[in-house]
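Listed below are the residues making up each chain.
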Amino acid sequence: MLVLPLNDRHDRKGFDCGDGDLNAWLSQTARQHKEKGISSTFVAVAEETSLEVLGFYAISVSELVNADLPAQYRKRLPNKVPVFRLGRLAMAMPHRRKGIGEHLLFDAIDRVTRIKNEVGGIGLVVNAKHSAIDFYQRYGFEQMADHPLNLFLPF
């Protein structure tokens, strides 16, 4: 399995994760956001020439108010801090429970860790669906002070 930047060859319309909003976002919005510099989407594929999208995630840069961070990360930081945002993470229904979500999450963490060394950023933030909180917490994400569905992974 490979994780590649989304391109026009990938079958966005054939992707179905069971969530109409996520399907529509990948199909209609992901490329527009890349072109406008809003976010970048990466897709899991079986091999480099594969058209089928097994799963995807989107990342962007963001800023948080220090007070929203978990308490132990607030010290000695300015009022606003740079972070990366994992905007979406989804797997196609036929490929669930095969470790693709974990692979995509690790790829996203690795990618933003490399980027933060060049541009700065103190962690990765995700606004999780209630059903995904345990998944993210298994990998070290912690609940933020502002909302229980907002999670933070420090670098």
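Data block above holds the structure.
Residues numbered from 1 in each chain as written. Predicted model: local features only at pLDDT ≥ 70, side-chain atom pairs only at ≥ 80, totals over all residues. Heavy atoms only, no water.

*Asks:* Would you explain the nonpolar core in this entry?
*Replies:* In globular proteins that are soluble, nonpolar side chains generally tend to be buried together. Counting 25 residues, the largest nonpolar core has Tyr57, Leu86, Leu104, Leu124, Tyr136 and Phe141 as its most contacted members. Contributing elements (two or more residues each) for this core: β2 (40–45), β3 (55–65), β4 (80–91), α2 (100–119), β5 (123–127), α3 (133–138) and β7 (150–154). Per-element tally for this core: the top contributor is α2, with six residues. Contact partners of Tyr136, with chain neighbours within four places excluded, come to Leu86, Leu89, Leu105, Val126, Ala128, Phe141 and Leu151. Leu4, Leu6, Phe15 and Ala58 belong to the second-largest nonpolar core, a separate cluster that totals 15 residues. (Core = buried A, V, L, I, M, F, W, Y, C linked by side-chain atoms within 4.5 Å. Buried < 20%, exposed > 50% of the residue type's maximum accessible area, 1.4 Å probe, protein only. Helix = DSSP H or I, 4+ residues; strand = E, 2+ residues; numbered from the N terminus. Contact = heavy atoms within 4.5 Å.)

*Asks:* Looking at this structure, how should I read the packing of aromatic side chains?
*Replies:* Two aromatic rings are characterised by how far apart their centres lie and by the angle between their planes. A full pass over the atoms with the stated rule returns nine aromatic pairs. Consider the rings of Tyr136 and Phe141, whose centres lie 5.3 Å apart with planes at 70°: the pair is edge-to-face. Judged by relative accessible area, which is 3%, Phe141 ranks as buried. By way of ring pairs, the aromatic residues Phe106, Phe135, Tyr136, Tyr139 and Phe141 are connected into one cluster. The lysine or arginine in question, Arg111, covers the ring of Phe42, its NZ or CZ lying 3.8 Å from the ring centre. (Phe/Tyr/Trp six-rings, centres within 6.5 Å; stacked < 30°, edge-to-face > 60°. Lys NZ or Arg CZ within 6 Å of the ring centre and 35° of its normal.)

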